[in-house]
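A structural walkthrough
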Amino acid sequence: MRTALRILFYGRPAQSYLLYALLAFVLFNLFNVFSLTLIIPFLEILFSQGAEPASLPNGLSLEAWKKYLFYQLYLFRTQAGPLKALSYFSVIIALSILLKNAFRYLGAWAMAAYENRLIQNLRNQLFAHLVSLPLGFFIRNRKGRILNLLTQDVQIIQEAVLGTIYNLLNDPITMMFFLGAMFVISWKLTLVSLLVLPLTGWVISRLSKALRRRASHGQKRMDQVLSILEEFLSGARTVKAFGAEEQEKQRFFKGNEEYTGFMISLRRRLELVSPLTEVLSVIVVLGLLYYGTFSVLQGELKASEFITFIALFGQFLSPMKTFNQAIGRVQKAIVSFERLRGLLSEPPENNAKQQRH
């Protein structure tokens, strides 16, 4: 977590965009939940035949407030007529969807600037620091390793950052809003639905640790491959003169095979996250369908509330899945960033001279 925050440190010059995105994501999720919860009054207008009379509640009881709102909806439907009431709600739904997508775009617009400025700032600082290093650093480190740090490691961080910060920022807000709406509809069904979270969290945690280890080994193998390539390019004449082409080929093939094996293993572990999350989610959905249907038959829950709850839960699972995938990408970025920090920790030329004196 601390390393991930250090990556965000390089986005400071564009942090105002991050604040704009945060505000846009809050409003996007507000209208997103609002547009979905309007399914309840929409279905009640279409199919409800009546409502239990209820006065304005004095306390904070959810059940009392729900009865009161259903009764007010019934009165509105009776006075305005079903068709007029439906037209009103259709306009409200259309406006909420329009605003939802507008704020979603504004959030993505701000995040595009923030994420790309972060990578730009990281590249600039890396190159500026590289230029300031003493000659001894370039003698101690092979060209292949330095090129790998400034190309592949930065590329891995860029691929992880672009879109991932969007998920890490927006998905928790989305889950919080949907969880709140689900709790209002039925706290019992919400508790049942949350059974998947601790198990999913444990699975993701175990996979994340394995991913970091494999990513670290993979990057070291790539260093070796690039070093072999750099040595061949530097000594191509010598290799040709002594007829050592076959030895160099076998040396490169071996290094490339080791790197490929590590990357296959890493990709396979990464691909486990999504199916495991989905399988656990399906098990919970089946449990929800059984318990929710039972609640409707017992009169504890309206059919319109149950349908809306399932719709909300489906939307709740989507950001949870993308959030877990984003965490997997961040694990790879952390390994690369730790390697870059090693480069940034090298003392510049002036400091190196002072240390010698």
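Residues numbered from 1 in each chain as written. Predicted model: local features only at pLDDT ≥ 70, side-chain atom pairs only at ≥ 80, totals over all residues. Heavy atoms only, no water.

Within the largest apolar cluster, 29 residues are counted, with the highest numbers of intra-cluster contacts made by Met-111, Leu-118 and Ile-157. Elements with a contribution of two residues or more to this core: helix 2 (15-37), helix 5 (82-132), helix 7 (143-161), helix 8 (164-185) and helix 13 (303-344). Among the elements that make up this core, the one with the highest residue count is helix 5 (eight residues). Formed by 20 residues, the second largest nonpolar core is a distinct cluster that contains Val-33, Phe-313, Leu-317 and Met-320. (Core = buried A, V, L, I, M, F, W, Y, C linked by side-chain atoms within 4.5 Å. Buried < 20%, exposed > 50% of the residue type's maximum accessible area, 1.4 Å probe, protein only. Helix = DSSP H or I, 4+ residues; strand = E, 2+ residues; numbered from the N terminus.)

Moving on: the side chain of Ser-304. Relative to the helices and strands, Ser-304 resides in helix 13. Leaving out residues up to four positions away in the same chain, Ser-304 has contacts with Ile-40, Leu-43, Glu-44 and Phe-70. (Contact = heavy atoms within 4.5 Å.)

This part covers the pattern of salt bridges. With the rule as written, the count across this model stands at five salt bridges. Residue Lys-240 is joined to Glu-245 by a salt bridge in which the shortest nitrogen-to-oxygen separation is 3.9 Å. Looking at Glu-245, the relative accessible area reads 31%, which means it is partly exposed. Within the structure, one salt-bridge network assembled from shared partners comprises Glu-231, Glu-248 and Arg-251. (Salt bridge = Lys/Arg side-chain N within 4 Å of Asp/Glu carboxyl O.)

Our focus in this paragraph is the packing of helix 2 against helix 5. As a packed pair, helix 2 and helix 5 sit with axes 8 Å apart at the nearest point and diverge in direction by 160°. One finds that helix 2 runs roughly antiparallel with respect to helix 5. In the packing of helix 2 onto helix 5, the handedness of the crossing is left-handed. Grouping the amino acids of the contact of helix 2 with helix 5 by side-chain chemistry returns 21 nonpolar, five polar and two charged. (Axes fitted to C-alpha atoms, helices over the stretch in contact; angles between N-to-C directions. Parallel < 35°, antiparallel > 145°, perpendicular 65-115°, else oblique. Left-handed = near helix turned anticlockwise from the far one by under 90°. Nonpolar A, V, L, I, M, F, W, Y, C, P; charged D, E, K, R; others polar.)

Let's shift gears to the packing of aromatic side chains. In the structure shown here, the tally under the stated rule is six aromatic pairs. A ring pair is formed by Tyr-17 and Trp-109, whose centres lie 6.1 Å apart and whose planes are at 65°; its orientation type is edge-to-face. With a gap of 92 residues between them, Tyr-17 in helix 2 and Trp-109 in helix 5 connect regions that are remote in the sequence. An angle of 10° between the planes, with centres 6.0 Å apart, marks the rings of Phe-31 and Phe-103 as stacked. Pair noted here: Phe-31 is in helix 2 and Phe-103 is in helix 5, with a separation of 72 residues, a long-range link. One aromatic cluster in this structure is built from Tyr-17, Tyr-20 and Trp-109. (Phe/Tyr/Trp six-rings, centres within 6.5 Å; stacked < 30°, edge-to-face > 60°.)

Honestly, it's all geometry; don't read function into it.
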